[in-house]
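# A look at the structure
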Number of protein chains: 2
Amino acid sequence: MVKRAADILERFGERVRVLRKESGYSQESFAAACGLDRTYIGGIERGERNVALRNIETIARALGITLAELMDDL
Amino acid sequence: MVKRAADILERFGERVRVLRKESGYSQESFAAACGLDRTYIGGIERGERNVALRNIETIARALGITLAELMDDL
DNA sequence: TTGTGACTTTTAGTCCGTC
DNA sequence: GGACGGACTAAAAGTCACA
C-alpha cells in the first residue's frame, strides 16, 4: 500500500519547494522571479495557501515547466 | 505556427467544458457532482473564474482524471 | 534564509433570479 | 440546457514586522 500524502495543498507546496530548490532559488529570489511576495511563497510551500490558477501558472512559468509537469503525480 | 489560446482561465474553462460534455454531464449535474454552484461552473467554462487548487482537484476528481491530465496541454 | 501572526484589499464562490 | 446579473459571505491575494 502506497503512502498517499496528506492534503493537496501540502503536496503541491512540497512539490514547489523541491522544484524551487532544484532550480537553485531561495524563497526570496524565487518570489522575485514570480513577482510575488516572499512570505506568500513560504505560505504556499507550507501548504497554507489555496493557490488559484493564475498564480499556479505564474509559478510553473518561473520554474520553466508546464502546468501538467507541475501537477504531475499530485 | 500553432494557435496559442488566449488566457489560462479561458483555456482551462474550455477544457473543463469539453471533458464535462464527454462525461455526459450538464453544467447543473456536473456542479452537483462537484458539490459546487451551477453558476460557478458556468463562470469557469466562460473563463471568468480564477479557480483555486482545492476546486481544481475537486473538478479533476469529478471527471475521474488526475490533475496532470486535467492540466495537460494548458 | 525562512517561519509566522496579523492584517487589509480583492476575489472566490453561493444563492437568488431573468432571459 | 446554458448565459448572465446583483447581492452577498467566505476565503484568496498580497504585505508587514519580528523571531
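One can find the structure itself at the top, above this paragraph.
So, a few notes on the structure that sits alongside this text. (Residues numbered from 1 in each chain as written. Chains lettered and ligands numbered in written order. Predicted model: local features only at pLDDT ≥ 70, side-chain atom pairs only at ≥ 80, totals over all residues. Heavy atoms only, no water.)

### Topic: the interface of chain B and chain A
- In this assembly, 17 residues from chain B lie in contact with 17 residues from chain A.
- Taken over both partners, the interface formed by chain B and chain A buries close to 1,600 Å², and the fraction arising from carbon and sulfur atoms is 69%.
- There are four salt bridges connecting chain B and chain A.
- When the shortest N-O distance is used, the salt bridge between A:Arg11 and B:Glu57 registers 3.6 Å.
- Summed over the shared surface of chain B and chain A, the result is eight residue pairs in polar contact (both at pLDDT 80 or more). (Contact = heavy atoms within 4.5 Å. Buried area = accessible area lost by both parts, 1.4 Å probe. Salt bridge = Lys/Arg side-chain N within 4 Å of Asp/Glu carboxyl O. Polar contact = N/O pair within 3.5 Å; in protein donor to acceptor, adjacent residues only side chain to side chain.)

### Comments concerning the protein's contact with DNA strand C
- If you check the shell around DNA strand C, you find 19 residues, and the closest are A:Gln27, A:Arg38, B:Tyr40, B:Arg49 and B:Asn50.
- Among atoms of DNA strand C positioned within 4 Å of the protein, sugar and phosphate together represent 58%.
- Between DNA strand C and the protein, one listed contact pairs a base oxygen with a side-chain N or O atom of B:Arg38 at 3.1 Å.
- At the level of secondary structure, the elements contributing two or more residues to the surface near DNA strand C comprise α1 (8-22), α2 (27-34) and α3 (38-45) of chain A together with α3 (38-45) of chain B.
- When residues in the surface near DNA strand C are grouped by element, the largest group, three residues, is from α3(B).
- Across the surface near DNA strand C, the residue classes break down as four nonpolar, seven polar and eight charged. (Near = heavy atom within 4 Å. Helix = DSSP H or I, 4+ residues; strand = E, 2+ residues; numbered from the N terminus. Nonpolar A, V, L, I, M, F, W, Y, C, P; charged D, E, K, R; others polar.)

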